[in-house]
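# Architecture and fold: a report
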Amino acid sequence: MRFRVTAFSSTCATTMSPFFATWELTGKYPAILDDKIVGDAARSLFADALKMLKEIVEKKWFKASAIVGFWPANSIGDDIAVFADDARKDTLAELRTLRRLHLPSHGRFSEHAFHLSRIARRFLESTVLSSPGNTTPELLRHLRSTTLDPLDFESLTALLGFWDRVKFARAE
């Protein structure tokens, strides 16, 4: 299945605030465009981004090999509701959270540790690393070379090590 980017969609508006933050312009879109302090810079950046996006599409600079979408979401009890738009009237999906599985209370500690480490690893791989699928020692080697606070690194080392021991423990 192929998709084409044809124009900036108003549904993308909820993803624009992080875009501006990347350029150290703080504020929520679209209000940031009228901000007394950063409004001029935000409008200029936004215009440049739309111009570049249009040029990328028109000149076919690259071919997308993945599609990413962002939707409004809210927690509902232990689940997450994903909505069609900011009106939050139509629910697209309800995602079960790990907490809802009650794994520890059912004595399924290994499975719980597996899911927790998977969540932590995916987060770290998507925010700090560029190569998914690292072993714990490889992951820690990469993290050591980042600007991660030494105390946080120590905590992550202990936590990932503990989860590995629980995941790979064998019943005697």
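Residue positions are counted from 1 within each chain, in the order its sequence is given. Totals for whole chains, interfaces and linings use every residue, but because this is a predicted model, local features are given only for residues with pLDDT of at least 70 and side-chain atom pairs only at 80 or more, for both listing and counting. The basis for every side-chain value is the complete set of non-hydrogen atoms in the structure, without hydrogens or water.

### Digging into the sheet that holds strand 2 (residues 79-83)
Heads up, the rule is: Paired strands are those between which DSSP finds at least two bridges. A run of H or I in DSSP becomes a helix once it reaches four residues, and a run of E becomes a strand once it reaches two; helices and strands are each numbered from the N terminus. Between the N-to-C directions of two axes lies an angle of 0 to 180 degrees, each axis being a line fitted to C-alpha atoms and, for a helix, fitted only over the stretch in contact.
With antiparallel pairing, three strands are arranged side by side in an open sheet as 1-2-3. For this open sheet the edge positions go to strand 1 (73-76) and strand 3 (91-96), each flanked by a neighbour on one side alone. Averaged over all pairs of adjacent strands, the angle between their axes in this sheet comes to 25 degrees, without regard to strand direction. Summarising the sheet, strand 1 and strand 2 pair through four bridges and their orientation is antiparallel. Within strand 2, the position partnered with Ser75 by the bridge is Ile80.

### Remarks on the pattern of salt bridges
For clarity, the cut-off: Should a side-chain nitrogen of Lys or Arg be within 4 Å of a carboxyl oxygen of Asp or Glu, the pair is scored as a salt bridge.
For the coordinates displayed, the defined rule picks out five salt bridges. Residue Lys59 is joined to Glu55 by a salt bridge in which the shortest nitrogen-to-oxygen separation is 3.0 Å. Placement of both Lys59 and Glu55 in helix 2 (residues 39-59) is noted, with a separation of four residues, approximately one turn of the helix. Where Glu111 meets Arg108, a salt bridge forms, and the shortest distance between an N and an O atom there is 2.6 Å.

### With respect to the pairing of strand 2
Condition: Throughout, exposure labels follow a simple rule: accessible area from a 1.4 Å probe, protein chains only, divided by the maximum for the residue type, with under 20% read as buried, over 50% as exposed, and the rest as partly exposed.
Of all five residues in strand 2, four are buried; the element is thus mostly enclosed. Sheet topology places strand 2 next to strand 3; five bridges connect them, and they run antiparallel. Following the sheet pairing, Val82 is matched in strand 3 by Ala93.

### Overview of the packing of helix 4 (residues 136-144) against helix 5 (residues 150-168)
As a reminder, the rule being used: Geometric relationships in this document are graded by angle, where less than 35 degrees denotes roughly parallel, more than 145 denotes roughly antiparallel, 65 to 115 denotes roughly perpendicular, and other angles denote oblique. Contact definition: two residues touch when any of their heavy atoms are within 4.5 Å. Each residue receives one of three labels: charged for Asp, Glu, Lys and Arg, nonpolar for Ala, Val, Leu, Ile, Met, Phe, Trp, Tyr, Cys and Pro, and polar for the others, Gly being one of them.
Their axes nearest at 11 Å, the elements helix 4 and helix 5 cross at an angle of 175 degrees. One way to sum up the angle between helix 4 and helix 5 is to call them roughly antiparallel. From helix 4, Thr136, Leu139, Leu140, Leu143 and Arg144 reach across to helix 5, where they touch Phe153, Leu156, Thr157, Leu160 and Asp164. Here the contact of helix 4 with helix 5 is composed, by residue class, of six nonpolar, two polar and two charged.

### A look at helix 2
Heads up, the condition is: In this scheme, a helix's expected span is set at 1.5 Å multiplied by one less than its residue total. Each C-beta atom gives one direction from the helix axis, and the arc is the one those directions make.
In a regular helix each residue adds 1.5 Å, so 21 residues correspond to 30 Å; helix 2 covers 30 Å between its end C-alpha atoms and thus fits that length. Here helix 2 has its buried residues at Gly39, Ala42, Leu45, Phe46 and Ile56. All buried residues of helix 2 fall inside an arc of 125 degrees around its axis, so they share one side. Seen from the buried face of helix 2, the exposed residues on the opposite side, beyond 90 degrees, are Asp40, Lys51, Lys54, Glu58 and Lys59. For helix 2, the secondary structure elements touched by its buried residues are helix 1 (16-22). Lys60, located one to two residues past helix 2, shows a positive phi value of around 50 degrees.

### Overview of the environment of Asp79
Selection rule: We define a polar contact as two N or O atoms separated by no more than 3.5 Å, with the added condition that, inside protein, one atom must be a possible hydrogen donor and the other a possible acceptor, whereas residues neighbouring each other in sequence contribute only through side-chain atom pairs.
Tracing the chain through its elements places Asp79 in strand 2. Note on Asp79: relative accessible area 13%, which makes it buried. Setting aside residues up to four positions removed in sequence, Asp79 forms contacts with Asn74, Glu94, Leu95, Arg96, Thr97 and Arg100. In terms of polar contacts, Asp79 uses its side chain to reach the side chain of Arg100, at 3.2 Å.

Interpretation note: all reported values are geometric properties and have no functional meaning in isolation.
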